[in-house]
Amino acid sequence: MEKLPIAVLASGRGSNFQAILDAIDSGECAAEVKVFITDNPEAKAIERANTKNIPVEVIDKKEIKDREQFDLKIKKKLDEYKAGLVVLAGYMRIIKSKELLDAYKYKIINIHPSLLPAFKGTTNAQHEAYDYGCKVSGLTIHFVTDDVDGGPIIYQEAIDISGCKSGDEVAAKIIEHEHKAYPKVVDSFAKGNYVVEGKHVVYAER
Ligand code: GRF
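Our subject in this report is the structure included herewith. (Residues numbered from 1 in each chain as written. Predicted model: local features only at pLDDT ≥ 70, side-chain atom pairs only at ≥ 80, totals over all residues. Heavy atoms only, no water.)

### Brief notes about the sheet that holds strand 4 (residues 85-88)
Stage number 1. Spatial ordering of the open sheet is given by 3-2-1-4-5-6-7, a layout of 7 strands whose pairing is mixed. This sheet does not close on itself; its edge strands, each paired only once, are strand 3 (56-58) and strand 7 (153-160). Sheet twist, expressed as the average angle between the axes of neighbouring strands with direction ignored, equals 20°.
Stage number 2. Packed on one face of the sheet, helix 1 (residues 15-25) meets strand 1 (4-9), strand 2 (31-38), strand 4 and strand 5 (108-112) and runs near 160° to strand 2. (Pairing = 2+ DSSP bridges. Helix = DSSP H or I, 4+ residues; strand = E, 2+ residues; numbered from the N terminus. Axes fitted to C-alpha atoms, helices over the stretch in contact; angles between N-to-C directions. Contact = heavy atoms within 4.5 Å.)

So this is what it looks like as structure tokens:
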């Protein structure tokens, strides 16, 4: 089967990136990472790409202050590597460029550690869910649009956090689920089509 060419963007640790690489290796995810792109030259995720001989493109946020210019550099790389899907995996920058968003409409996905729209637009959703006293939180994989964390939802999972004693425990519990869910969704992309009808995402196998 033909593999889906993907680009992965991450700013830090990259454990979701690793989960995708592992699933590709074990044949559970029919994708091929064509390029790894980061805004952070210190990102641990770079090592993960190097280990697999995946091309790494560092577009340093400290060097390019203009947001449009920054995003257009990203777009250039996505075009160059012919990304069929762009996977944000702990990428800590909001994509602002309409040109980039339009060119990759419904081809950019993100994972967020809450049941959206709860704890939307925060980088600390797991701790906020704990502090709020939530008994259930979860994860959401969604399309990226100009509405931050508000694009059409592809996949969600509810996770019981009632036994957790801290925000860190919530984060640890949710990330385990993220590592299973994200490669599966990427694999579904490789095998079918996600069609967006308004806020609703419908899946059809090819
Ligand atoms: C994850 O919790 C993800 O939901 C959020 O950023 C975190 C990235 O973790 N968007 P990692 O870099 O994949 O370990």
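### What about the nonpolar core?
Stage number 1. Residues Ile6 and Ile109 are the most contacted members of the largest nonpolar core, which totals 44 residues.
Stage number 2. By residue number, the principal contributor to this core is helix 6 (residues 167-191), which donates 8 residues.
Stage number 3. Residues Leu9, Ile95, Tyr104 and Ile108 belong to the second largest nonpolar core, which totals 20 residues. (Core = buried A, V, L, I, M, F, W, Y, C linked by side-chain atoms within 4.5 Å. Buried < 20%, exposed > 50% of the residue type's maximum accessible area, 1.4 Å probe, protein only.)

### Some remarks on helix 6
Stage number 1. Taking 1.5 Å per residue, 25 residues should reach 36 Å; helix 6 reaches 36 Å between its end C-alpha atoms and fits that length.
Stage number 2. The axis of helix 6 is deflected most strongly, by about 25°, at Glu178. (Expected span 1.5 Å × (residues − 1). Bend = angle between axes of the 7 residues up to and from the residue.)

### Some details on the packing of helix 1 against helix 6
A pair of packed helices is captured by two measures, namely the crossing angle of their axes and the spacing between those axes.
Stage number 1. Interaxial distance between helix 1 and helix 6 falls to 9 Å at its minimum, and their mutual angle equals 50°. Overall, the two elements helix 1 and helix 6 adopt an arrangement that is oblique. Considering how the two elements wind past one another, helix 1 and helix 6 form a crossing that is right-handed. Contacts between helix 1 and helix 6 involve Ser15, Asn16, Ala19, Ile20 and Ala23 from the first element and Ile175, Glu178, His179, Tyr182, Pro183 and Val186 from the second.
Stage number 2. Residues of the contact of helix 1 with helix 6, tallied by class, amount to 7 nonpolar, 3 polar and 1 charged. (Parallel < 35°, antiparallel > 145°, perpendicular 65-115°, else oblique. Left-handed = near helix turned anticlockwise from the far one by under 90°. Nonpolar A, V, L, I, M, F, W, Y, C, P; charged D, E, K, R; others polar.)

### Observations concerning unusual backbone geometry
Stage number 1. Looking along the chain, the bond that leaves Leu116 and enters Pro117 is cis, with omega of 10°.
Stage number 2. For Pro117, the location among the structural elements is in the loop between strand 5 and helix 5 (125-132).
Stage number 3. Of note, the phi angle at Phe119 is positive, near 55°, even though the residue is not glycine.
Stage number 4. Structurally, Phe119 is set in the loop between strand 5 and helix 5.
Stage number 5. Using a relative accessible area of 19% as the deciding quantity, one classes Phe119 as buried.

Interpretation note: all reported values are geometric properties and have no functional meaning in isolation.
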